[in-house]
Amino acid sequence: MLIKAKNLVKSYKSEGVSHRIVDQVNFSMKHGEFIIVKGVSGSGKTTLLNLLAGILTPTDGEVYFEGSDITKMNDRQLSQMRNQRVSYIPQNDTLLKTLTLWDNLHLPFFLGKGGEITGDQLDEKLTELLKEFGLWDRRNAYPSELSGGEMRRALIIRAMALDPELILADEPTASLDPDTTLSVMEKFRTVSNRGIAVLLVSHQPQTYSYGDRLYEMKDGKLRPAKEHR
Ligand SMILES: Nc1ncnc2c1ncn2[C@@H]1O[C@H](COP(=O)(O)OP(=O)(O)OP(=O)(O)O)[C@@H](O)[C@H]1O
Ligand SMILES: [Mg+2]
């Protein structure tokens, strides 16, 4: 099993009352699987992803990444997992405005993510990905010069370049038009076909059929969704 959540709970207190934002979630995901989680705004999707990525500490329960309980990892172990094995594309993420697309894609490696790779190997890998994602001609563009769809594809390349085992993507097609949404979802299918597991959060029905399995987050509970579209 790649990732497994056991009786996962996250509560927040407001005005003395505790609210369970993630409520006893049990969930597991195999290597290479593509899972989509739908759910209305406020249902706890982002909170769930943050727990699975080890960014938030659960109130109760456990998260296992390849058998290791990440809630018991120290900071060094956690950052190693996040840097080298899990790539997270947060909600509304963007590239750094002051760098070109090409430099943005190199940034995680300058920051020590991605393990051992030579500069030449990295350039070769990024060249290949940019060509595959139709962005090679845009490599010297600044983020403000990219379209919404180009930006989302660039974020996927940045996540993939680290050769993770899992990509967590929070509403990566939000605010895109229907055609662009589908083209970005095709790219996630490409990611998945390469054996990288994808856990993608979305509330756009046209994305639901792209995954191997569809779940629904509702009032903090995660359950298999009834319809596949
Ligand atoms: N740090 C926090 N403290 C208190 N409440 C929080 C905190 N973070 C999230 N919440 C609440 O938890 C609920 C779920 O938030 P979350 O961001 O997980 O929802 P979501 O499903 O991702 O919504 P959206 O689709 O709008 O992104 C919301 O009611 C939110 O206000
Ligand atoms: Mg959210």
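Refer to the structure presented above.
Residues numbered from 1 in each chain as written. Chains lettered and ligands numbered in written order. Predicted model: local features only at pLDDT ≥ 70, side-chain atom pairs only at ≥ 80, totals over all residues. Heavy atoms only, no water.

S.K.: Even after reading the chapter, I still don't get the overall build of the protein, so can you show me in this structure?
M.R.: Within the protein one finds six helices and ten strands. What you see for the protein is a C-alpha radius of gyration of 18 Å, in line with the 17 Å of a compact globule of 229 residues. In terms of its C-alpha atoms, the protein occupies a principal-axis envelope of roughly 50 × 40 × 35 Å. A separation threshold of at least 6 residues defines the contact pool for the protein, and within that pool the share at least 24 residues apart is 70%. About 11,300 Å² of surface is accessible on the protein, with carbon and sulfur atoms providing 46% of the total. Side-chain charges of the protein comprise 30 positive and 30 negative groups, with the mean position of each set lying 6 Å from the other. (Helix = DSSP H or I, 4+ residues; strand = E, 2+ residues; numbered from the N terminus. Rg over C-alpha atoms; globule rule 2.2 N^0.38 Å. Contact = heavy atoms within 4.5 Å. Areas by Shrake-Rupley, 256 points an atom, 1.4 Å probe, with all protein chains shown as cover. Lys, Arg positive; Asp, Glu negative; His and termini not counted. Charge placed at Lys NZ, Arg CZ, Asp CG, Glu CD.)

S.K.: Would you mind going over the pairing of strand 3 (residues 34–38) with me for this structure?
M.R.: Regular strands place their side chains on alternate faces of the sheet. Counted residue by residue, strand 3 has five buried out of five residues, so it is predominantly covered. Side chains Phe34, Ile36 and Lys38 project from strand 3 onto one buried face, and the interleaved Ile35 and Val37 project onto a second face that is buried too. In terms of strand pairing, strand 3 meets strand 8 (residues 197–201) through four bridges, oriented parallel. Its bridge partner being in strand 8, Ile36 is matched across the sheet by Leu200. In the sheet, strand 3 pairs with strand 9 (residues 213–218) via four bridges, with the strands oriented parallel. (Buried < 20%, exposed > 50% of the residue type's maximum accessible area, 1.4 Å probe, protein only. Pairing = 2+ DSSP bridges.)

S.K.: Teacher, can you tell me more about the coordination of the magnesium ion (ligand 2) here?
M.R.: Under ideal tetrahedral coordination, the four donors around a metal are separated by 109.5 degrees; under ideal octahedral coordination, the six donors are separated by 90 or 180 degrees. Distances from the magnesium ion (ligand 2) to its protein donors, Thr46 (OG1) and Gln91 (OE1), fall at 2.0 to 2.3 Å. Taken together, the residues span a long stretch of sequence, with Thr46 in helix 1 (residues 45–52) and Gln91 in the loop between strand 6 (86–89) and helix 3 (101–110) at a distance of 45 residues. For Thr46, a relative accessible area of 29% puts it in the partly exposed group. According to the relative accessible area criterion, Gln91 is partly exposed, its value standing at 35%. (Donors = N, O, S within 2.8 Å, 3.2 Å for Na, K, Ca; no water.)

S.K.: Help me out: how do you make sense of the site of ligand 1 in this one?
M.R.: The immediate surroundings of ligand 1 are formed by Tyr12, Ile21, Val40, Ser41, Gly42, Ser43, Gly44, Lys45, Thr46, Thr47, Gln91 and Glu171. For ligand 1, an oxygen atom lies 3.0 Å from a polar atom in the backbone of Gly44. Within the side chain of Gln91, one N or O atom sits 2.9 Å away from an oxygen atom of ligand 1. Considered on its own, ligand 1 offers 640 Å² of accessible surface; in the complex 59% of this is hidden by protein. The biggest single contributor to the shell around ligand 1 is helix 1, with three residues. (Near = heavy atom within 4 Å. Polar contact = N/O pair within 3.5 Å; in protein donor to acceptor, adjacent residues only side chain to side chain.)

S.K.: Sorry if this is basic, but what is going on with the packing of aromatic side chains here?
M.R.: To describe a pair of aromatic rings, one takes the distance between the centres and the angle between the planes. Enumeration over the complete set of coordinates arrives at two aromatic pairs. Arranged with centres 5.5 Å apart and planes meeting at 85°, the rings of Phe27 and Tyr215 form a pair that is edge-to-face. One end of the pair, Phe27, is in strand 2 (residues 17–29); the other, Tyr215, is in strand 9, and 188 residues separate them in sequence. For Tyr215, a relative accessible area of 10% gives the class buried. Ring centres of Trp102 and Trp136 lie 6.2 Å apart, and the angle between their planes is 80°; this geometry places the pair in the edge-to-face category. Taken together, the residues span a long stretch of sequence, with Trp102 in helix 3 and Trp136 in the loop between helix 4 (119–132) and helix 5 (148–160) at a distance of 34 residues. In this structure, Arg139 is placed above the aromatic ring of Trp136, and the distance from its NZ or CZ to the ring centre is 3.8 Å. (Phe/Tyr/Trp six-rings, centres within 6.5 Å; stacked < 30°, edge-to-face > 60°. Lys NZ or Arg CZ within 6 Å of the ring centre and 35° of its normal.)

S.K.: Quick question: what am I supposed to make of the packing of helix 3 against helix 4 here?
M.R.: Between two packed helices, what matters for the description is the angle formed by their axes and the separation of those axes. Across the interface, helix 3 lies against helix 4 with an axial gap of 11 Å and an inter-helix angle of 130°. Overall, the two elements helix 3 and helix 4 adopt an arrangement that is oblique. Helix-helix and strand crossings are classified by hand; for helix 3 and helix 4 the assignment is right-handed. Between helix 3, through Leu101, Trp102, Leu105, His106 and Phe109, and helix 4, the contact on the second element is made entirely by Leu122, Asp123, Leu126, Thr127 and Leu130. Residues belonging to the contact of helix 3 with helix 4 are distributed by class as follows: seven nonpolar, two polar and one charged. (Axes fitted to C-alpha atoms, helices over the stretch in contact; angles between N-to-C directions. Parallel < 35°, antiparallel > 145°, perpendicular 65-115°, else oblique. Left-handed = near helix turned anticlockwise from the far one by under 90°. Nonpolar A, V, L, I, M, F, W, Y, C, P; charged D, E, K, R; others polar.)

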